[in-house]
Amino acid sequence: MRIVVKVGTSTLAHATGHLNIKRVEELCKVLSDIKNAGHEVVLVSSGAIGMGLGKLLIKSKPDDIPTKQAAAAVGQCELMYTYDKLFSEYNHTVAQILLTGADVKDPVRHGNFQNTVYRLLELGTIPVINENDSIATEEIVIGDNDTLGAIVATSINADLLIILSDINGLYTGDPHKDENATLIKVVEEINDDILRLGGGSGSSLGTGGMKTKLTAAEITTGGGVDMIIANGNNPAAIYDMVDGNDFVGTKFCKRK
Ligand code: GLU
């Protein structure tokens, strides 16, 4: 299987913005093992801005674009350093690709992106993809990494996109407010009732939320790729998702 895993800032970093070492170590170990089992793995990783802010000791999310872009430039290095170090422990090679909206809209650049990823997969690497946050501004921005994950998964004909977040999946209501809200295990079709369940962004460091995840689910399933939303606090659950076993999360089935 070709699997794209999108991991959000809330999974990778503590609320301080500093790396959640235990979590990231576990994630890299599981993904290495899944690759060893013969699957292709592509990682779409957030965390550049959040980790850059942590490293620069900036406490809250800035409003101005240059500070965010500077933070991303710092944090992206830390991210790749961490992935390189951890995946190297299991003999895997990482490769970085940074994209903007212009790269996915322009057919030539999009084709270049696809060719590079296919070759990187043939060469046995684990491509790590993020938005080029230091360059992308309003008019060329993809905007959030859930959408980026969906674009990547459909561009490279993946079999599955797994979005790891700080929530177990899609609920029938807001689980933070409604104690009767239950987890929806499978969504066969994304209709208006499902879309109505998307709220705003949850964590203070990431940009996503259920809304962007549902947009991602529409792009992904429409492009013929299955998608799962699950909690990033238990990376080992990825084994069950890949092996087709029961897991805690929501699966969106590709459109037939
Ligand atoms: N590209 C952003 C970052 O690396 C994250 C965007 C998102 O989480 O949706 O900080």
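Worth saying up front: this structure is predicted, and the values here are computed from it rather than measured.

### A word on the overall build of the protein chain
The helix and strand inventory of the protein chain stands at 10 helices and 8 strands. Taken over the C-alpha trace, the protein chain has a radius of gyration of 17 Å; the compact-globule value for 256 residues is 18 Å, and the two agree within 12%. With the C-alpha coordinates aligned to their principal axes, the bounding extent of the protein chain is approximately 40 × 40 × 40 Å. Taken across its 256 residues, the protein chain has 52% of its residues classed as buried. Counting contacts in the protein chain only where the partners sit at least 6 residues apart, residues at least 24 apart contribute 71% of the total. Carbon and sulfur atoms make up 50% of the accessible area of the protein chain, which totals about 12,000 Å². Placing the 23 positive and 32 negative side-chain charges of the protein chain at their respective mean positions leaves the two points 2 Å apart.

### Some points on helix 7 (residues 145-155)
Along an α-helix, a turn takes 3.6 residues, which lines up residues three or four apart on a common side. A large share of helix 7 lies buried, amounting to 10 of its 11 residues. For helix 7, the full list of buried residues reads Asn 145, Asp 146, Thr 147, Leu 148, Gly 149, Ala 150, Ile 151, Val 152, Ala 153 and Ser 155. Two or three places before Asp 146, at the opening of helix 7, Asp 144 has a side-chain oxygen 3.0 Å from that residue's backbone nitrogen. Phi for Asn 157, located one or two positions after helix 7, is positive at around 50 degrees.

### Some words on the confidence of the model for the protein chain
Looking at the protein chain as a whole, its pLDDT mean stands at 92, while 95% of the residues score no less than 70. Contacts from residues 200-207, a stretch scored under 50 in pLDDT, to residues over four places away or in other chains number 23 contacts.

### Structural notes on the pattern of salt bridges
On inspection of all chains with the given rule, the structure shows 10 salt bridges. Salt-bridge contacts for Lys 22 lead to Glu 26; the nearest nitrogen and oxygen are separated by 3.7 Å. In this pair, Lys 22 and Glu 26 are both assigned in helix 2 (residues 21-36), 4 residues apart and thus about one turn of the helix distant. Residues joined in a network through salt bridges with shared partners are Lys 6, Asp 146 and Lys 213.

### Describing the state of the cysteines
The tally for this structure, following the rule as stated, stands at 0 disulfides. Between Cys 28, a free cysteine, and Cys 77, which holds the nearest cysteine sulfur, the sulfur-to-sulfur gap is 17 Å. A residue is classified by how much of its surface remains accessible, and Cys 77, at 54% relative accessible area, is exposed.

### Regarding the sheet that holds strand 5 (residues 160-165)
Spatially, 8 strands are ordered 3-4-2-1-5-7-8-6 in an open sheet, and the strand pairing comes out mixed. Unpaired on one side and paired on the other, strand 3 (94-99) and strand 6 (186-187) mark the two borders of the sheet. Where strand 6 and strand 8 (residues 250-252) come together, 2 bridges link them in parallel fashion. Directly across from Val 186, in strand 8, lies its bridge partner Lys 251. Helix 2 rests against strand 1 (2-7), strand 2 (40-45), strand 4 (126-131) and strand 5 of the sheet, and its axis sits at about 155 degrees to strand 2. Packing against the sheet, helix 9 (residues 210-222) makes contact with strand 5, strand 7 (226-231) and strand 8, and its axis sits at approximately 155 degrees to strand 7.

Conventions adopted
- All residue numbers refer to positions counted from 1 along the written sequence of the respective chain.
- A pLDDT threshold of at least 70 governs which residues receive local features in this predicted model, and a stricter bar of 80 or more applies before side-chain atom pairs are shown or counted, although totals over entire chains, interfaces and linings include all residues.
- Side-chain numbers come from the whole structure's heavy atoms, not from hydrogens or water.
- Strands are runs of DSSP state E lasting at least two residues, helices are runs of H or I lasting at least four, and both sets are numbered from the N terminus onward.
- Each radius of gyration reported is based on C-alpha atoms, and the globular scaling rule is 2.2 Å times the count of residues to the power 0.38.
- Here's how the labels work: a residue is buried when its accessible area is under 20% of the maximum for its type, exposed when over 50%, partly exposed in between, all with a 1.4 Å probe on protein chains only.
- Contacts between residues were defined by any pair of non-hydrogen atoms, one from each residue, lying within 4.5 Å.
- Here the accessible surface of atoms and residues is derived via Shrake-Rupley with a 1.4 Å probe, and residues count as covered only by protein chains that are part of the display.
- Lys and Arg are tallied as positive, Asp and Glu as negative. Neither His nor the chain termini are counted.
- A charged residue contributes its charge at one atom only: NZ of Lys, CZ of Arg, CG of Asp or CD of Glu.
- Two N or O atoms count as a polar contact when they lie within 3.5 Å, although within protein this holds only if one can serve as hydrogen donor and the other as acceptor, and sequence-adjacent residues are included solely when both atoms are side-chain atoms.
- For every residue, the predictor states its confidence as a pLDDT score lying anywhere from 0 to 100.
- For this analysis, a salt bridge means a side-chain nitrogen from Lys or Arg found within 4 Å of a carboxyl oxygen belonging to Asp or Glu.
- In this description, the term disulfide denotes a pair of cysteine sulfurs within 2.5 Å.
- Strand pairing is assigned whenever DSSP identifies at least 2 bridges connecting the two strands.
- Angular values range over 0 to 180 degrees, each being the angle between N-to-C directions of two axes fitted as lines to C-alpha atoms, with helices fitted over their stretch in contact.

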